[in-house]
Each structure stands twice: as C-alpha cells, then as structure tokens.
Amino acid sequence: MSYRDAMNARVRSEERRAEIVRAALEVIAERGYRGASLGAVAERVGLTQQGLLHYFPTKEALLVAVLQERDQWDAVPHSRWRVDLLASLVDYNAMRPGIVQTFSALLGESVTEDHPARAYFTDRYREVRQTMVDVLRAEYGDRLPNGLTPDRTAPLLVAVMDGLQYQWLLDPESVDMPAAFRDFLALLGERVD
C-alpha cells in the first residue's frame, strides 16, 4: 500500500469513527446509555455490530468517545473563560437540545456505582468547579459582591447551569434557560444586559 493510499484509508477511518460517534449521540439521547445498543448505533451508520466493533471494541470505548467529542464542542482555553462567556455557553446549549439531552441522560445514569461514565463525570465536575473558582476569582477577587467566596459560589454556579438544563429539557415552553441563567448572574452581582 502506498503512503497516499494509507493516508486516504486513515482519513476514511477517522470520518467513519466521527459518523459512529454522532450516531451514538443520537441513540443515547433517545434511549439513554443503558438502553442504547451497539446494534442500534451500527444500524444507523449502515454497519453490522461486528463492523462497528472494528472502530470501537466495546460500548464503554464508544461512550468515552462520545463524551470526549461533546467536550471538544465546548472547549475554551482555561484562561479564557469569563463570567459573561458562561451566559453565551447557556445560549449555545439552548440551540442544541439533542446534545444537552444526551449529556443530561448520561449524567443522570452515571450516579450509579457501576456506570462506565461515573469516573468521567466525577473528574469532569471536579475540573469544572475549579475552573469556575478561577473564573470567579479573576472577575471578583476573594469575595463576590454578594459576600460569598469563589470557592463557595462555584458549586452553586455549576448546579444552576445543569439544573436549568434539566428543567428546560422537561418543559422548554415554561423555562427560558438563558434568561434564568442571566437572572442568576444578577444575583451574583454581575451586570446583566
């Protein structure tokens, strides 16, 4: 096989993997992780289950790829986060309910001891809380205008963001997620436009 053929094969393989990850996102959003099968994902992309296993040898490997892909969509360098960008992230999430639904379904399922994404979400939340502490400290110093410290406020900020997502997914006509998040920022002392 020539170098060019090898590179073309590699590109096709990466494209196929990306297609499988997108299909897995859809299936998990519809059925949850436990209800999603490799067979259902394979069917969506026109593969047999055995063919899918060529790209992802286990369901857990596919789940990790799905979570990593989702994180890439929201990636902002740690030093570039600001409080006002958090409102933009909430706005962005309101435009992609399928992704929010998948994330929320996996998060809800991951609280069980044996779930393969439990360690991922535990580590992710530890990192997100620390990022929020850093963002709040950079914006307000050691005390927010409401008197709380960044360390005490960060878990509340994360809880509001994720809690609003659940409420919005359940009743989007009644919950204006972006507006409610801006209201929360006002409670922190952030000027809201």
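Here the structure is shown first, and the text comes after it.
What counts, and at which threshold
- Residues numbered from 1 in each chain as written.
- Predicted model: local features only at pLDDT ≥ 70, side-chain atom pairs only at ≥ 80, totals over all residues.
- Heavy atoms only, no water.
- Core = buried A, V, L, I, M, F, W, Y, C linked by side-chain atoms within 4.5 Å.
- Buried < 20%, exposed > 50% of the residue type's maximum accessible area, 1.4 Å probe, protein only.
- Helix = DSSP H or I, 4+ residues; strand = E, 2+ residues; numbered from the N terminus.
- Contact = heavy atoms within 4.5 Å.
- Polar contact = N/O pair within 3.5 Å; in protein donor to acceptor, adjacent residues only side chain to side chain.
- Phe/Tyr/Trp six-rings, centres within 6.5 Å; stacked < 30°, edge-to-face > 60°.
- Lys NZ or Arg CZ within 6 Å of the ring centre and 35° of its normal.

## What to know about the nonpolar core
Piece 1. With 54 residues, the main nonpolar core has Ile-20, Val-41, Leu-62, Phe-121, Leu-136, Leu-157 and Phe-181 as its most contacted residues.
Piece 2. Here this core takes eight residues from helix H1 (residues 3-35), the largest share from any one element.
Piece 3. Contact partners of Leu-136, with chain neighbours within four places excluded, come to Val-83, Gly-141, Leu-144, Pro-150, Thr-153, Ala-154, Leu-157 and Leu-188.

## Some details on the environment of Arg-10
Piece 1. With respect to the helices, strands and loops of the structure, Arg-10 is situated in helix H1.
Piece 2. Classification of Arg-10 as exposed rests on a relative accessible area of 52%.

## A few points about the side chain of His-115
Piece 1. Its place among the elements puts His-115 in the loop between helix H6 (97-109) and helix H7 (118-140).
Piece 2. Among the residues examined, His-115 registers a relative accessible area of 4% and is labelled buried.
Piece 3. A polar contact is formed between the side chain of His-115 and the side chain of Glu-109, at a distance of 3.5 Å.
Piece 4. Ignoring anything within four residues of it in the chain, the contact list for His-115 reads Tyr-33, Arg-34, Leu-63, Leu-106, Glu-109 and Ser-110.

## With respect to the packing of aromatic side chains
Piece 1. Counted by the stated rule, this structure contains three aromatic pairs.
Piece 2. When the ring of Phe-103 is compared with that of Phe-121, the centres are 5.4 Å apart and the planes differ by 70°; the resulting orientation is edge-to-face. Pair noted here: Phe-103 is in helix H6 and Phe-121 is in helix H7, with a separation of 18 residues, a long-range link.
Piece 3. On the accessibility criterion, Phe-103 (4% relative accessible area) is buried.
Piece 4. When its relative accessible area of 3% is taken as the criterion, Phe-121 is described as buried.
Piece 5. Each residue in the set Phe-103, Tyr-120 and Phe-121 is aromatic and connected to the rest through ring pairs, giving one cluster.
Piece 6. Positioned above the aromatic ring of Tyr-125 is the side chain of Arg-124, whose terminal nitrogen or guanidinium carbon lies 5.9 Å from the ring centre.

Taken by themselves, the reported measurements are silent on function.
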